[in-house]
Amino acid sequence: MKLPIQTITITRRRVLGMLVALGLPVPWSARADKWSYKEAAYYRKH
Amino acid sequence: MGEVSCELCPRFCVIPEGGAGDCRVRVNLGGKLRATTYGRPSALHIDPMEKKPLYHFHPATPVFSVATAGCNLHCQNCQNWQLSQHGGEEMENIIRLDPPELVNLARERGCESIAYTYSDPVVFYEYVYDSAELAHEQGLHNVFVTAAFINEKPLRRLCRVLDASNADLKAFDDGFYRKTNGGSLKPVLKAMVTMREEGVWLEITNLLIPTLNDDLAMVRRMARWMVTELGEGTPLHFSRFQPLYRMRNLPPTPTETLERARKEALDAGLHHVYIGNLFGHEAESTICPRDGTVLIRRTGYHIDENQLTADGRCPVCLETIPGVWL
């Protein structure tokens, strides 16, 4: 069965949200080909 | 632990490790803020300059338009919500196109300008800056189509590499910004003045939404503010609302509303007030404010006739029409 894209997207966001809530690392690196890791300008570390 | 504060826009998001800012695309990874859509656009297109809309900047030239996912506003009537109201991880189309490739592609396709547009380019600031710098080196112009919800310091730096901007003034009312766009008015006005001060050619768009921001007294206040702070020659585009995204309950803006708003703005002292998103209306054309000669006759995005002299004057009375014409 093919799930609609919206369902996959919402599920993915919920999983990522749970990882953040549990203090676990979010697997951005799993999509390394899609993402840039360019350091942003104009931010401040706490 | 490991939190960062993003200082790019007036939201000043405090972002925990692993989290993203309100824009969804600026992400705290390992205590460093990353611009995750840098060089990863999700929309590319060649548009006429008139579509931005910029009517007083290199008319009838093609502009290479680029956008990534994400936005720092959340307008209920967004016309690009599939792009702006999603993070990069939700996009089906993401291509790798780093600044040198973007600039080369724009040149290959015969474009004289690059527009950072569709979503709000504020959120892919670093990509805009690096691309715009390269574009300038190669003789291209840079156009920033924005809601101008950005802090002064990053904007002043960006203005060094920008040539023109169409900035959205969504309403002259802070309550409207908070309710409909999730932003606030004051930083937007400040950003517009900053762009003007920095010498970026500026045109303003105001989308008139029936019953929400079409009050003529508010239009008058907005036009007066523009005359005082941006100058009477700053073009204003009243744009027709279409029911989209989360605001499908309201009808398209009636023609009479747009015409009344235009008259109000002209009476307040603005010289160039246009009506957009209303194909074939006479207020798509540029008219000499001194003698009424039709200088540039437009139908939609198409220019039917351009009577301006080479140095941007009315051929009849020689009035200088503000803009960047060549």
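Note that the structure is a prediction, hence the values are computed from the model and not measured.

### Structural notes on the side chain of Thr293(B)
So, step 1. For Thr293(B), the location among the structural elements is in the loop between strand E13 (286-287) and strand E14 (294-299).
So, step 2. Those residues in contact with Thr293(B) that sit more than four places away from it in its chain are Thr286(B), Ile287(B), Cys288(B), Cys314(B) and Val316(B).

### Details of the interface of chain A and chain B
So, step 1. Counting from both sides, the interface comprises 23 residues of chain A and, opposite them, 34 residues of chain B.
So, step 2. When chain A packs against chain B, the two sides together hide about 2700 Å² of surface, and 55% of this comes from carbon and sulfur.
So, step 3. Along the contact surface separating chain A from chain B lie two salt bridges.
So, step 4. Of all the secondary structure elements, the ones that give two or more residues to the side of chain A that touches chain B are helix H1 (5-21), strand E1 (38-39) and strand E2 (43-45) of chain A.
So, step 5. No other element matches H1(A), which puts six residues into the side of chain A that touches chain B.
So, step 6. The residue makeup of the side of chain A that touches chain B, split by class, is 11 nonpolar, three polar and nine charged.
So, step 7. Two strands pair when backbone bridges link them, and E1(A) and strand E4 (residues 32-35) of chain B are joined in this way by two bridges, in the antiparallel orientation. Opposite Lys38(A), over in E4(B), you have Ala35(B) as the bridge partner.

### As for the sheet that holds strand E5 (residues 43-48) of chain B
Residue and element names in this part refer to chain B.
So, step 1. Taken in spatial order, the eight strands line up as E5-E6-E7-E8-E9-E10-E11-E12 in an open sheet, and their pairing is mixed. Sheet topology places E5 and strand E12 (273-276) at the edges, where each strand pairs with a single neighbour. Neighbour-to-neighbour, the strand axes of the sheet open up by a mean angle of 20 degrees, direction not taken into account.
So, step 2. Sheet analysis places strand E7 (residues 113-116) next to strand E8 (residues 141-146), joined by four bridges and oriented parallel. The residue of E8 that forms the bridge with Ser 113 is His 141.
So, step 3. Of the strands in this sheet, E8, strand E9 (164-168) and strand E10 (201-208) are in contact with helix H6 (residues 185-197), which crosses E9 at around 165 degrees.

### Considerations on the pattern of salt bridges
Residue and element names in this part refer to chain B.
So, step 1. Under the counting rule described, the total for this entry stands at 18 salt bridges over all chains.
So, step 2. Note that Arg 26 and Glu 126 form a salt bridge whose closest N and O atoms lie 2.6 Å from each other. Of this pair, Arg 26 sits in strand E3 (residues 26-29) while Glu 126 is found in helix H3 (residues 125-137), placing the two residues 100 residues apart along the sequence.
So, step 3. Ionic pairing is found between Arg 178 and Asp 174, a salt bridge with its closest N-O pair at 2.5 Å. Taken together, the residues span about one helical turn, with Arg 178 and Asp 174 both in helix H5 (residues 174-181) at a distance of four residues.
So, step 4. Residue classification places Asp 174 among the partly exposed positions, given a relative accessible area of 29%.
So, step 5. The network of salt bridges with shared partners includes Glu 152, Arg 156, Lys 190, Glu 197 and Glu 198.

### With respect to the packing of helix H7 (residues 216-229) of chain B against helix H8 (residues 255-267) of chain B
Residues and elements named next belong to chain B.
So, step 1. At their nearest, the axes of H7 and H8 sit 8 Å apart, and the two run at 40 degrees to each other. Comparing their axes, H8 and H7 come out oblique. Seen along the crossing, H7 lies across H8 with a hand that is right-handed. Contact residues: H7 offers Leu 216, Val 219, Arg 220 and Ala 223, while H8 offers Arg 260, Ala 261, Glu 264 and Ala 265.
So, step 2. Of the residues in the contact of H7 with H8, the class split is five nonpolar, no polar and three charged.

### A word on the nonpolar core
So, step 1. Membership of the largest hydrophobic core comes to 94 residues, with the highest contact counts inside it found for Ile114(B), Tyr116(B), Leu169(B), Met192(B), Ile204(B), Leu236(B) and Phe238(B).
So, step 2. By residue number, the principal contributor to this core is H6(B), which donates seven residues.

### Some words on the confidence of the model for chain A
So, step 1. Residue-level pLDDT values for chain A average 71, and 41% of them are 70 or greater.
So, step 2. Mean pLDDT per element in chain A: H1(A) is the minimum at 67, and E2(A) is the maximum at 95.

### Some details on the sheet that holds strand E2 (residues 14-15) of chain B
So, step 1. Read across the open sheet, the three strands follow the order E2(A)-E1(B)-E2(B); overall the sheet is antiparallel. In the strand order of this sheet, the two ends are held by E2 of chain A together with E2 of chain B, each with one partner.
So, step 2. One ladder, built from three bridges, connects E2(A) with strand E1 (residues 4-6) of chain B; its direction is antiparallel. Following the sheet pairing, Tyr43(A) is matched in E1(B) by Cys6(B).

Rules of the game
Residues numbered from 1 in each chain as written. Chains lettered and ligands numbered in written order. Predicted model: local features only at pLDDT ≥ 70, side-chain atom pairs only at ≥ 80, totals over all residues. Heavy atoms only, no water. Helix = DSSP H or I, 4+ residues; strand = E, 2+ residues; numbered from the N terminus. Contact = heavy atoms within 4.5 Å. Buried area = accessible area lost by both parts, 1.4 Å probe. Salt bridge = Lys/Arg side-chain N within 4 Å of Asp/Glu carboxyl O. Nonpolar A, V, L, I, M, F, W, Y, C, P; charged D, E, K, R; others polar. Pairing = 2+ DSSP bridges. Axes fitted to C-alpha atoms, helices over the stretch in contact; angles between N-to-C directions. Buried < 20%, exposed > 50% of the residue type's maximum accessible area, 1.4 Å probe, protein only. Parallel < 35°, antiparallel > 145°, perpendicular 65-115°, else oblique. Left-handed = near helix turned anticlockwise from the far one by under 90°. Core = buried A, V, L, I, M, F, W, Y, C linked by side-chain atoms within 4.5 Å. pLDDT = per-residue confidence, 0-100.

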